[in-house]
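Next come the chains, spelled out residue by residue.
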Amino acid sequence: MAERPEDLNLPNAVITRIIKEALPDGVNISKEARSAISRAASVFVLYATSCANNFAMKGKRKTLNASDVLSAMEEMEFQRFITPLKEALEAYRREQKGKKEASEQKKKDKDKKTDSEEQDRSRDEDNDEDEERIEEEQNEEDEVDN
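Residues numbered from 1 in each chain as written. Predicted model: local features only at pLDDT ≥ 70, side-chain atom pairs only at ≥ 80, totals over all residues. Heavy atoms only, no water.

1. A look at the overall build of the chain
Looking only at helices and strands, one finds four helices and zero strands in the chain. For the chain, the succession of helices and strands along the chain, N to C, is α-α-α-α. The 146 residues of the chain split such that 10% are buried. For the chain, the proportion of contacts with a sequence separation of at least 24, taken over those separated by at least 6, is 38%. For the chain, the accessible area works out to roughly 12,600 Å², and carbon and sulfur atoms hold 50% of it. (Helix = DSSP H or I, 4+ residues; strand = E, 2+ residues; numbered from the N terminus. Buried < 20%, exposed > 50% of the residue type's maximum accessible area, 1.4 Å probe, protein only. Contact = heavy atoms within 4.5 Å. Areas by Shrake-Rupley, 256 points an atom, 1.4 Å probe, with all protein chains shown as cover.)

2. Section: the packing of aromatic side chains
What the rule picks out here adds up to two aromatic pairs. Considering the side-chain rings of Phe44 and Phe78, the 5.4 Å spacing of their centres and the 85° angle between planes classify their relative orientation as edge-to-face. Here the residue Phe44 occupies a position in helix α2 (residues 31–58), and Phe78 occupies one in the loop between α3 (66–75) and α4 (82–145), the gap between them amounting to 34 residues. On the basis of relative accessibility, which here comes to 33%, the residue Phe44 falls in the partly exposed class. Aromatic side chains Phe78 and Phe81 sit 5.5 Å apart centroid to centroid with 45° between the ring planes, which places their arrangement in the tilted category. Looking at Phe81, the relative accessible area reads 35%, which means it is partly exposed. Here the aromatic cluster, defined as three or more aromatic residues joined through ring pairs, consists of Phe44, Phe78 and Phe81. Seen from the ring of Phe55, Lys58 lies directly overhead, with NZ or CZ sitting 5.0 Å from the centre. (Phe/Tyr/Trp six-rings, centres within 6.5 Å; stacked < 30°, edge-to-face > 60°. Lys NZ or Arg CZ within 6 Å of the ring centre and 35° of its normal.)

3. Things to note about the pattern of salt bridges
Under the criterion given, the structure shown has three salt bridges. Among the ionic pairs, Asp68 bridges to Arg61, the shortest N-O distance being 2.8 Å. Using a relative accessible area of 30% as the deciding quantity, one classes Arg61 as partly exposed. Of the charged contacts in the structure, one is a salt bridge between Lys99 and Glu95, with a shortest N-O distance of 3.4 Å. Pair noted here: Lys99 and Glu95 are both in helix α4, with a separation of four residues, about one helical turn. The class of Glu95 is partly exposed, set by a relative accessible area of 43%. (Salt bridge = Lys/Arg side-chain N within 4 Å of Asp/Glu carboxyl O.)

Listed below in structure tokens is the structure:
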């Protein structure tokens, strides 16, 4: 847990970016207002986490999951956020699945390349051995002819 209250605040750069995205162009915000929004966001995150933790504890789990957060939103009477959160969660899962598939494909391609390189090396070694054998046979024939 945090030892000081300011340890619980979200980074100012993140808060500033969120505020700028939410406000129309040309609208400014004072440092005091930005600080108040930052503290309010931190309190919200702590409260949502606490509520979600209660759902995890009821389920006899130590790990919070997405359904705990969604249940917490409903308990906190933030139903209007549930649908956007579910949509964001699905987008996140699709993205993660795509990354996993890309990673697996990259690994397969690397394995195929390694196998191909090994076959090429083996073929080269076989060709070298064949060339040496032919050379030896020609030397033996030349010796017999002499």
